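Each chain, written out:
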Amino acid sequence: GKSLAGEKGKASERSFVMIKPDGVSRQLVGKIITRFEERGYKLVAVKSLTPSPALAKEHYIDLASRPFYKGLVDYITSGTPVVAMVWEGKDVIRQGRRIVGATNPQESDPGSVRGQYAVSVGRNLIHASDSFDSASKEIELWFAESELAEYKPTTWDWVMADN
Ligand code: UDP
Ligand code: MG
């Protein structure tokens, strides 16, 4: 069927973004959401939950052989919730990665979320899909299609126009 990540390179492109338990515990949810909102991206889904081990393991399945995998799954499933979101808009997958910053906060641009608020790779606050294929898989893993809203922000035409 059609990808839940919309159309690559178009205003319908979507990314999966998750504020991890440290971001929730440190009360950075509003500040993080504001960065995506103010850039002009559209919030099409948001929910707070403590992921099951099965969900966390599947989300990070590509890292299953890495030494930090178990600690990563324990961190994500700690009991402090995550905030799972889908953001939509032109180039949101690539721009989302730039907003989030490099995986290791010690290498992240200081203007990025991780570069402003984090110092440890194991507590780097936030996830964002790294490609169109990852976005498709992750949105499908975390959300039902019926949870994805269809609406047009009042800012949309001004922000997304490219001619
Ligand atoms: N991670 C870690 N130690 C490492 C590398 C990664 O704890 O040496 C964690 C970190 O939380 C990271 C997540 O594993 O965000 C997923 O790793 P990935 O390489 O996909 O980085 P990301 O896409 O989150 O930047
Ligand atoms: Mg990744």
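What counts and what doesn't
- Residues numbered from 1 in each chain as written.
- Chains lettered and ligands numbered in written order.
- Predicted model: local features only at pLDDT ≥ 70, side-chain atom pairs only at ≥ 80, totals over all residues.
- Helix = DSSP H or I, 4+ residues; strand = E, 2+ residues; numbered from the N terminus.
- Buried ≥ 20, exposed ≤ 12 C-beta atoms within 10 Å, placed from the backbone.
- Pairing = 2+ DSSP bridges.
- Axes fitted to C-alpha atoms, helices over the stretch in contact; angles between N-to-C directions.
- UniProt positions renumbered as here; feature names shortened; annotations may be inferred.
- Contact = placed C-beta atoms within 7 Å.

Enquirer: Help me understand the environment of Ile33, please; the structure alone is not making it clear to me.
Expert: Residue placement: Ile33 occurs in helix H2 (residues 29-39). In this structure Ile33 comes out as partly exposed when scored by C-beta crowding, with 18 C-beta atoms within 10 Å. Separated by 14 residues in the primary sequence, Ile33 and Ile19 place their C-alpha atoms 9.1 Å from one another.

Enquirer: I keep staring at the sheet that holds strand S4 (residues 126-128) and nothing clicks. Help me out?
Expert: Sheets are built from strands paired through backbone hydrogen bonds, the pairs being either parallel or antiparallel. One open sheet accounts for 4 strands, arranged S2-S3-S1-S4; its pairing is antiparallel. The open sheet has two free edges, formed respectively by strand S2 (42-49) and S4, since each of these has just one partner strand. Here the average twist between neighbouring strands, direction ignored, is 15°. With 6 bridges connecting them, strand S1 (residues 14-19) and strand S3 (residues 82-88) associate as antiparallel partners. Counted as the bridge partner of Ile19 is Val83 from S3.

Enquirer: What should I look at first to understand the UniProt feature "active site" (unreviewed entry) in the protein in this one?
Expert: The sites that UniProt annotates as "active site" (unreviewed entry) are His127. Along the chain, the position of His127 falls in strand S4. Taking the number of C-beta atoms within 10 Å as the measure of exposure, His127 has 22 and is therefore buried. Those residues in contact with His127, other than ones at most four positions away along the chain, are Val17, Met18 and Lys20.

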